[in-house]
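An overview of the molecular structure
Listed below, chain by chain, are the residues.
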Amino acid sequence: MSAPVRSSDSLIPKTLSVFQEGYSLDRLRRDAVSGLTVAMVAIPLSMAIAKASGASPDRGLITAIIGGFLISLLGGSRFQIGGPAGAFIVVVASIIERQGYDGLLIATIIAGLTMIVFGALRLGSYIRYIPHPVLVGFTTGIATIIFSSQIVDLFGLTLAGREPAALIPKLNAIGHAFGTISPAAILISLFSMAVILVLRKTKPHWPGFLIAIGLASLLTFIIAPFGLSVETIGTRFGGIPNTLPLPNLPAFSMDRLVSLIPDAATIAFLGAIESLLSAVVADGMTGRRHRSNIELIAQGIANIGTALFGGICATGTIARTATNVRAGGTSPVAGMIHSLVLLLLILFAAPLASYIPLASLGAILAIVSWNMAERAEFVSILKRSWPDALILLATFLLTIFRDLTEGIAVGVVLSAFILMHRVAQSGRVEEVEEPNNTVIDPDTIIYRMEGPLFFGVASEISEVLDRIGEHPKKFILDCRAVPFLDLSGAHSLKVMIDRFHKGGTEVVFKNANAQVVDSLRRYGVLEHGARIEA
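Just so it is clear, the model here is predicted, and its values are computed rather than measured. (Residues numbered from 1 in each chain as written. Predicted model: local features only at pLDDT ≥ 70, side-chain atom pairs only at ≥ 80, totals over all residues. Heavy atoms only, no water.)

**Remarks on a nonpolar patch on the surface**
Side chains of Ile 168, Leu 171, Leu 382, Leu 393, Leu 397 and Phe 401 sit close together on the surface and give an oily, nonpolar patch of about 510 Å² of accessible area. Those elements that provide at least two residues to the nonpolar patch are helix H7 (167-176) and helix H17 (386-401). With three residues, the top contributor of residues to the nonpolar patch is H17. By the element assignment, Ile 168 lies in helix H7. (Patch = residues over 30% accessible without salt bridge, like charges linked within 9 Å, V, L, I, M, F, W, Y side chains within 5 Å. Areas by Shrake-Rupley, 256 points an atom, 1.4 Å probe, with all protein chains shown as cover. Salt bridge = Lys/Arg side-chain N within 4 Å of Asp/Glu carboxyl O. Helix = DSSP H or I, 4+ residues; strand = E, 2+ residues; numbered from the N terminus.)

Here it is, written out as structure tokens:
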């Protein structure tokens, strides 16, 4: 009988499962209400994220329409809402700055293909092994970068050149431009923040972001006759087109593809983490289980589709997914309706977006970054233990000063080394005096080992040899508390057995579990003159 397929390994989209269960008019009504609610949140966020990434605001809407629809249609979560994400701001801005917008589109397509391969190889389930301090350091670092990217619009600064993507050059450029502060921009920023915070406190179910940019646009119109002008989407970007662009494959060469591989790897890795974390959050809120591998495949297809239409990177978004759950969404249909509402906005209300002040969008992302930063957890980890604090700070500092993937990679490697040290410290090899009240034969020595026998504790075996001295007739190693054995541990055992064998000592392994017995045989340990006893 074949083993059952785990939920995370299934490659069946949740949309298909939902319709196989039976989809009623009542569920459609609830999904429609939820999809409309999420769209009200996604409109300002999508434009703000695209603007902060160095792209025009309509690129964010395109990403939410195309990417969001495909993620919901083909993904492995009932509740996932896809679109542009704040975590990608620094990545997208950096790629556009170095490689141009066409470079971003090509890198996104390569990343999409990579994510499809990740899902097809069933790698989605491994994302959950990223340690908590790494995630907190990464998330807080991203929040710091997002906030720093909004300072120019929050204060209405005029930079001498293009705003740098890297943090230190960005802060340096901002410092030189602080003499150009716009009182009108500060007024709009503070007004927008106040509206959002008041509504969050008094009317938490209202679309606070959308109401804030609507009122801020009205305030911009009111103060304009008094000489208090504020930069808007229309003045900087020329407005938002009222049609979707036709799909188009950007021109590329082999040399260009090779140069974009590191950027594509960053997008793929970050997109996989962000989307699966978002799906996990939805699971925690609903008690459901997402299918991680088909989710990755859907993310890959969505990024390819988004790039062909000229959008930026798409992924599952935690804030909008949580909004979908709270609004009563029951299936991926809610996510598809959210994308269709955004499409209708572009088709019939695009001219209105020209009046949105950039300071208001900056205020939205400032609040998003504040909520995104896990401040309490950050401080708690710093106080809890120095190894976890080291992992946290390494990830955080590398994320804000170097590179996102470098921060995660170093954090994971540090975590692995610290874990190996902790596991090795927990293992023990000690002599047994009189097991089970039985007198030991004076020519027999028994040692008990506790913990995994892996490369981290190989030196412990050498220390055992040094403690024994003269060779006994029989050496017994009690393995009842050994959960597993790896190749390095097996090699150390071979060295020990060879030394005993030369001195005429018989080596016996007792009480080993099936995995350890299998490893002893597979790694050739028993070929060196040892045997197994139950």
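**A few points about the packing of aromatic side chains**
Taken as a whole and assessed by the stated rule, the structure comprises five aromatic pairs. When the centroid spacing of 5.5 Å and the interplanar angle of 50 degrees are considered together, the rings of Phe 155 and Phe 178 count as tilted. On the criterion of sequence distance, the pair formed by Phe 155 in helix H6 (residues 151-155) and Phe 178 in the loop between H7 and helix H8 (183-202) is long-range, its members being 23 residues apart. Of the residues examined, Phe 155 reaches a relative accessible area of 29% and is grouped as partly exposed. (Phe/Tyr/Trp six-rings, centres within 6.5 Å; stacked < 30°, edge-to-face > 60°. Buried < 20%, exposed > 50% of the residue type's maximum accessible area, 1.4 Å probe, protein only.)

**Things to note about unusual backbone geometry**
One non-glycine residue with positive phi stands out, namely Arg 122, at about 60 degrees. Secondary-structure assignment places Arg 122 in the loop between helix H4 (89-120) and helix H5 (132-149). With relative accessibility at 35%, the residue Arg 122 sits in the partly exposed group. Look at Asn 511: it is not a glycine, yet its phi comes out positive at around 60 degrees. By the secondary structure assignment, Asn 511 is in the loop between strand S6 (506-510) and helix H21 (514-522). Among the residues examined, Asn 511 registers a relative accessible area of 28% and is labelled partly exposed.

**Here's the deal with the nonpolar core**
As a rule of thumb, nonpolar side chains are buried together in soluble globular proteins. Within the largest apolar cluster, 93 residues are counted, with the highest numbers of intra-cluster contacts made by Met 47, Leu 104, Ile 267, Leu 342, Leu 361 and Leu 365. Apart from residues no more than four positions distant in its own chain, Leu 361 is found in contact with Pro 44, Met 47, Ala 48, Lys 51, Gln 150, Ile 213, Ile 233 and Ile 356. Counting 24 residues, the second largest nonpolar core, distinct from the first, contains Val 429, Phe 475, Val 507 and Val 516. (Core = buried A, V, L, I, M, F, W, Y, C linked by side-chain atoms within 4.5 Å. Contact = heavy atoms within 4.5 Å.)

**Focus on the sheet that holds S6**
Reading across from one edge, S3-S4-S5-S6-S7 is the order of the five strands in this open sheet, with mixed pairing throughout. In this open sheet, the two strands that pair with only one neighbour each are strand S3 (428-431) and strand S7 (530-533). Averaged over all pairs of adjacent strands, the angle between strand axes in this sheet comes to 25 degrees, irrespective of strand direction. Lying on the sheet, helix H20 (residues 487-502) is in contact with strand S5 (474-481), S6 and S7; it crosses S6 at an angle near 140 degrees. (Pairing = 2+ DSSP bridges. Axes fitted to C-alpha atoms, helices over the stretch in contact; angles between N-to-C directions.)

**A look at the pattern of salt bridges**
Tallying each qualifying case throughout the model produces 15 salt bridges. When the shortest N-O distance is used, the salt bridge between Lys 51 and Asp 153 registers 2.5 Å. Of the two residues, Lys 51 sits in helix H2 (residues 25-52) while Asp 153 sits in helix H6, which places them 102 residues apart along the sequence. Exposure class is identical for Lys 51 and Asp 153. Each is buried. A single network of salt bridges, built from pairs that share partners, joins Lys 51, Asp 153, Glu 231 and Arg 236.

**Points about the pairing of S5**
Regular strands place side chains that alternate from one sheet face to the opposite one. One ladder, built from six bridges, connects strand S4 (residues 444-450) with S5; its direction is parallel. Across the sheet, Arg 448 pairs through a bridge with Asp 478, a residue of S5. Following the backbone out of S5, through H20 and into the adjacent parallel S6, one traces a crossover that is right-handed. (Right-handed = clockwise from strand over helix to strand, strands pointing away.)

**Some words on the confidence of the model for the chain**
For the chain, the average pLDDT comes to 86, and 94% of its residues sit at 70 or higher. A low-confidence stretch, residues 1-5 (pLDDT under 50), is modelled with one contact involving residues beyond four sequence positions or located in other chains. (pLDDT = per-residue confidence, 0-100.)

**Comments concerning helix H13 (residues 318-326)**
Taken together, the buried positions of H13 are Arg 320, Thr 321, Ala 322, Thr 323, Asn 324 and Val 325. The inward-facing, buried residues of H13 abut H2, strand S1 (82-83), helix H11 (254-286) and helix H14 (332-349). Immediately downstream of H13, the backbone of Gly 328 shows phi near 100 degrees, a positive value.

**Describing H20**
For H20, spanning 16 residues, the distance from its first C-alpha to its last is 23 Å, which sits close to the expected 22 Å at 1.5 Å a residue. By the burial criterion, the buried members of H20 are Gly 489, Ala 490, Ser 492, Leu 493, Met 496, Ile 497 and Phe 500. What you see down the axis of H20 is that its buried residues fit within an arc of 160 degrees, all on one side. Projecting away from the buried face of H20 at angles above 90 degrees are the exposed residues Leu 487, His 491 and Lys 502. Regarding H20, its N-cap is Asp 486, as a side-chain oxygen of that residue lies 3.2 Å from the backbone nitrogen of Ser 488 further along. Of the residues flanking the end of H20, it is Gly 504, one or two places downstream, whose phi is positive at about 80 degrees. (Expected span 1.5 Å × (residues − 1). Arc of directions from axis to C-beta. Polar contact = N/O pair within 3.5 Å; in protein donor to acceptor, adjacent residues only side chain to side chain.)

**Examining the packing of H5 against helix H15 (residues 358-372)**
Where H5 contacts H15, the axes come no closer than 8 Å and their chain directions differ by 160 degrees. In terms of their interaxial angle, H5 and H15 are classed as roughly antiparallel. Crossing of H5 over H15 shows left-handed handedness. Contact with H5, carried on its side by Thr 139, Ile 142, Ala 143, Ile 146 and Phe 147, involves Leu 365, Ala 366, Ser 369 and Met 372 of H15 and no other residues of that element. Split by residue class, the contact of H5 with H15 holds seven nonpolar, two polar and no charged. (Parallel < 35°, antiparallel > 145°, perpendicular 65-115°, else oblique. Left-handed = near helix turned anticlockwise from the far one by under 90°. Nonpolar A, V, L, I, M, F, W, Y, C, P; charged D, E, K, R; others polar.)

**Digging into the environment of Gln 150**
In this fold, Gln 150 is placed in the loop between H5 and H6. The exposure class assigned to Gln 150 is buried, which follows from its relative accessible area of 0%. Taking C-alpha positions, Gln 150 is 7.0 Å from Ala 52, a pair spaced 98 residues apart along the chain. Non-local contacts of Gln 150, meaning those with residues more than four positions away in its chain, are made with Lys 51, Ala 52, Leu 361, Gly 362, Leu 365 and Ala 366.

**Focus: the side chain of Asp 486**
With respect to the secondary-structure elements, Asp 486 resides in the loop between S5 and H20. Among the polar contacts listed, one links the side chain of Asp 486 to the backbone nitrogen of Gly 489, at a separation of 2.8 Å. Those residues in contact with Asp 486 that lie beyond four places of it in its chain are Leu 453, Phe 454, Phe 455 and Tyr 523.

**Quick word on the side chain of Asp 31**
Locating Asp 31 in the fold gives a position in helix H2. Engagement of the side chain of Asp 31 in a polar contact is seen with the side chain of Tyr 23, the distance being 2.5 Å.

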